[in-house]
Amino acid sequence: MSRLELKASNKSNALVDKLSRNMDHRLAGTPPTMCPVDAALSALAVCQAQTCGKCVPCRIGLAQLSDMIREVLEGTPDLGILKRIEETAEVIVDSADCAIGIESAQQVLTSIRGFREDYESHVKQHRCISNTKTPVPCVALCPADVDIPGYIALVKDGRPADAVRLIRKDNPFPTACAYVCEHPCENRCRRTMVDAPVSIRGLKLYAVENSGEVPQPACAPATGKKVAVVGGGPSGLTAAYYLALMGHKVTVYDQRKQLGGMLRYGIPSYRFPRERLDEEIASILSLGIEAHTDVKIGVDITMEQLKQENDAVYLAIGAHTDKKVGIDGEDSKGVISAVDMLRRIGDNDLPDFTGKNVVVVGGGNVAMDCTRTSVRLGAKKVTCVYRRRKEDMTALMEEVDGAVAEGAELLTLQAPMHIEADENGNAVALWTQPQIIGYEDNAGRPRPNAAAVPEQRIPADIIVVAIGQGIESRGIDEGGVKIQRGGTLLAGSNTVVPDLEGVFAGGDCVTGPATAIRAIAAGKVAAANIDEYLGYHHEISVDVEIPTAGFSDMKPHGRVLAAEREAGERSKDFGCIEGCFTDQEAAEEANRCLRCDHYGYGCFKGGRVEKW
C-alpha cells in the first residue's frame, strides 16, 4: 500500500474555485448605493461559511449576529437590539480563536458604528435611508453624474457626435477626461459580476476621436449678470461654461500664461496632447467667455474689485504650490519640485536631463508623471523612491507599470532621510532609510516603520520632490475668505463661501489636490448655485435621444483595451502613448454594457437624469 499520494485537481475543486471567482466578481460589483445593513448581513453570511465552527464565538456568536441583523432588516425589534449587536460583536472579537471569526465580528462593529442612522431607521421607520437616487453604479460613482450608459449606447449605435453632446450636458471636458480621467465609474461596474468592468474611458476616447467638430449648444438669452471666475483650470472653466450657457457674462482670470490649470501644468503631453487641450479650451471660450491670463489676484486686481465689479465670484485657484519633504539638504542645487518641473514643461520649456541620474520622491500620479517625463528628457537612469509598498501607491497601477516598462526603476520601502551635496552645493545623492511594513493605518494601508538596517545611498544629479501640492491663498485671504488649517479655502459642499455674499469656491483649493473630474464636478455645482443666487433657475439639458436598450450580452467576454505604443519607442518622445479603439473594438466593448439605466433597479429609481 502507498503511504502518500500526490494532490490532484478534480472537478469538484475546479467548481469550488469557479464559485469563489464568481463571489469575487459579485463583491467587486457591489453597487455603491447598497443598504449598509443588508451589506453587513451578506458579508456575515460569507464569513460564516468560511469558519470551521469549532469555537463557541464563531459557531454560536456569528449565528446570533446574523439573526439580530435580520431582525433589524425586518423592522421588528426595539432600539435595544443595536446595543446587543454591538456587545455580541465585541465579545466575539475578544474571544474567537481565529482571524476569520475576529474579522467577521469586526466588520459588524464597523458597520453598526459607521452607519448607526441606517440601523436606527430600519428599527424605527422600517425603511432604508441609503442613497437610491442614482442606482446605476457608474453614474453614482462619477463625481459629475455623467450619463454613462447613455453615451455608451450612442457609441454602440454609431453616433459618436451625439455621445459627445450628451457628455457635455454634465462635463464640458469630454476630450480631457477621455485621456486623463481616473475612471472611478468603472470601480463598481455591474459587468464585473459577469467578467470585468466595461472600458468606459476607452469608449469615451473613441467618441471624441471619431465625432469630428461638435458645435456647442446655443446660450440662453443674456441676463445682464456678470460673474468673475478666478482660475482657468478644469473647475473654473467648467463653471464659466455652464454660466455662459445660462446667459450670464463670464470673465475668467488666471495667473499663468495659458489656461488649463493642472490639465496643462500638471499632465504631460504624452498623456494628453496639448493640441487637444487647446481645441477643447477654445471650444469652451467660443460661448463668449472672456479670459485674462498673467493676472495675479492681490497684485493686478483685488478681491474687493472683483466683488464690486461682478454680481458673483467663483474661486477655483487650484493647488499649484509645492510641498517640501522636510529633510536636510533639500535646498541643494538640483533639487526641484514636481510642480515647477511640470509647469516649465507646460510652457514648452523642457529641461535637459541628458546623461543624469534622476531620483523622483513620491508614489502618486504626479510622481509617475515626473518619472516617465524624466525618461523622455534623456536621463541616464530614473529611480522612483517611495516609502511604502508598490501596492500602497496612490498612482494608477497602469501608470506605475508603464513607468517600469519604459525603463524607470521603482524603489519601494525607502524613506528619504537627507540629501548629500558636494562642495559647490550640488545634490549628488539621496540617503534613505529602508522600511519594514507594519500595522494598518486608518486609511487601511500598512504603516512603514524603520528597518534595523543601515541607510542606503542613491546617487542622484537631479532630485524631484513629488509628495503633493498646496494652495497659494495670498490675495484671496485679503478678500475675507477663510483659510483652513491645511491651507484650503473654507466652502461648503454647495461651494458657498460662508459670510461672504456672492462668493463661491470649489475644486482643489477647497478639497486639496484631487482629480480633474472632481474639479469639473465642483464647477458644475458652483454654476448651478451661482445661477440660483443670481435669481434664476436655468436648466441644462440636451436633445439627444438615447437608443432603446436591447437584450444585453451576458456571456463572459474579455475586456477590450486600446493598444499603447511600444515602450521602447514611446519613451523617446512626448507623443501620445495611448491608441484609440477601432470601430470593431468599440462595438465589441459597447456591447458589453448591461444598460443598468434600463434593467434592474435602474428602471424603478430614475435611471436617467435628463436635466439639472
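Located above this text is the structure these notes cover.
The residue numbers shown here count from 1 along each chain, following its written sequence. Local features in this predicted model are restricted to residues of pLDDT 70 or higher, and side-chain atom pairs are both shown and tallied only at a pLDDT of 80 or more, whereas totals for entire chains, interfaces and linings draw on every residue. Side-chain numbers here rest on the full set of heavy atoms in the structure, without hydrogens or water.

A. Focus on the overall build of the chain. Assigned secondary structure in the chain consists of 22 helices and 16 strands. To get the radius of gyration, use the C-alpha atoms; to get the globule rule, take the number of residues to the power 0.38 and multiply by 2.2 Å. Here the C-alpha radius of gyration of the chain, 27 Å, is about what a compact globule of 612 residues would show, namely 25 Å. Overall, the chain is about 85 × 65 × 55 Å in size when its C-alpha atoms are taken along their principal axes. Two residues form a contact once any of their heavy atoms are found within 4.5 Å. Residue pairs at least 24 apart in sequence account for 72% of intrachain contacts in the chain once pairs closer than 6 positions are excluded. Surface exposure here means Shrake-Rupley accessible area, sampled with a 1.4 Å probe, where a residue is shielded only by the protein chains that are shown. Looking at the chain as shown, the accessible area adds up to about 28900 Å², and 50% of this sits on carbon and sulfur atoms. Separation of charge centres in the chain, based on 69 positive and 84 negative side chains, amounts to 3 Å. Labels follow the DSSP assignment, with helices taken as runs of H or I lasting at least four residues and strands as runs of E lasting at least two, numbered in each case from the N terminus. As used throughout, the charge tally considers Lys and Arg to be positive and Asp and Glu to be negative, leaving His and the chain termini uncounted. The atom standing in for a charge is NZ when the residue is Lys, CZ when it is Arg, CG when it is Asp and CD when it is Glu.

B. Seen up close, the pattern of salt bridges. Salt bridges are defined as contacts in which a side-chain nitrogen from Lys or Arg sits within 4 Å of a carboxyl oxygen from Asp or Glu. Throughout the structure, instances matching the rule amount to 42 salt bridges. A network of salt bridges, in which partner residues are shared, links Arg-271, Asp-369, Arg-372, Arg-376, Glu-399, Glu-406, Glu-564 and Arg-570.

C. Up close: empty space enclosed by the protein. The method works on a 1 Å grid over the protein atoms by themselves. A cavity is a set of points holding a 1.4 Å probe that cannot get out, a pocket is an open set with protein on both sides within 12 Å along at least five of seven lines, and residues with an atom within 4 Å of a point line them. Grid points are joined across faces, edges and corners, and a volume is the space filled by probe spheres set on the points. This model, assessed by the stated rule, comprises five cavities of 30 Å³ or more. In this structure, the largest cavity occupies an estimated 110 Å³ of space. Forming the boundary of the largest cavity are 14 residues, of which Cys-138, Cys-189, Cys-593, Leu-594 and Cys-596 lie nearest the centre. Mapped onto the lining of the largest cavity, the elements with two or more residues apiece are α7 (137-141) and α8 (148-156). Counting residues per element, the lining of the largest cavity draws most heavily on α8, at three residues.

D. Local environment of the side chain of Glu-280. Mapped onto the elements of the fold, Glu-280 is located in helix α14 (residues 274-285). Throughout, exposure labels follow a simple rule: accessible area from a 1.4 Å probe, protein chains only, divided by the maximum for the residue type, with under 20% read as buried, over 50% as exposed, and the rest as partly exposed. This buried residue, Glu-280, is left without a salt bridge; Arg-168 holds the nearest opposite charge, at 5.6 Å. Not counting residues within four places of it along the chain, the set of residues in contact with Glu-280 comprises Pro-172, Phe-173, Pro-174, Thr-175 and Ala-176.

E. Main features of helix α20 (residues 516-533). Taking 1.5 Å of rise per residue, the 18 residues of α20 would be expected to cover 26 Å, and the 26 Å separating its terminal C-alpha atoms lies within 8% of that figure. Along α20, the positions that sit buried rather than exposed are Ala-516, Ile-517, Ala-519, Ile-520, Ala-521, Ala-522, Gly-523, Lys-524, Ala-526, Ala-527, Ile-530 and Asp-531. Looking at the buried positions of α20, the neighbouring elements they touch are α10 (174-180), β1 (226-230), α12 (234-245), α13 (262-265), β4 (312-315) and β16 (503-505). The span one expects for a helix is its residue count, reduced by one, times 1.5 Å.

F. The arrangement of the pairing of β4 in detail. Every second residue of β4 is oriented toward a common face, with Ala-312 and Tyr-314 on one face and Val-313 and Leu-315 on the other, all of them buried. Should DSSP find at least two bridges between two strands, the strands are taken to pair. Where β1 meets β4, four bridges bridge the pair, whose relative direction is parallel. If you follow Val-229 over to β4, its bridge partner there is Tyr-314. Summarising the sheet, β4 and β16 pair through three bridges and their orientation is parallel. Counted as the bridge partner of Leu-315 is Ala-505 from β16.

G. Highlighting the nonpolar core. Counting 79 residues, the largest nonpolar core has Ile-148, Tyr-151, Ile-152, Tyr-314 and Ile-530 as its most contacted members. In contact with Ile-152, other than residues within four places in its own chain, are Val-198, Ile-200, Leu-203, Ala-590 and Cys-593. Within the second largest apolar cluster, 27 residues are counted, among which are Leu-342, Val-375, Leu-377 and Cys-384. Here, nonpolar core means buried Ala, Val, Leu, Ile, Met, Phe, Trp, Tyr and Cys residues that are tied together by side-chain atoms lying within 4.5 Å of each other.

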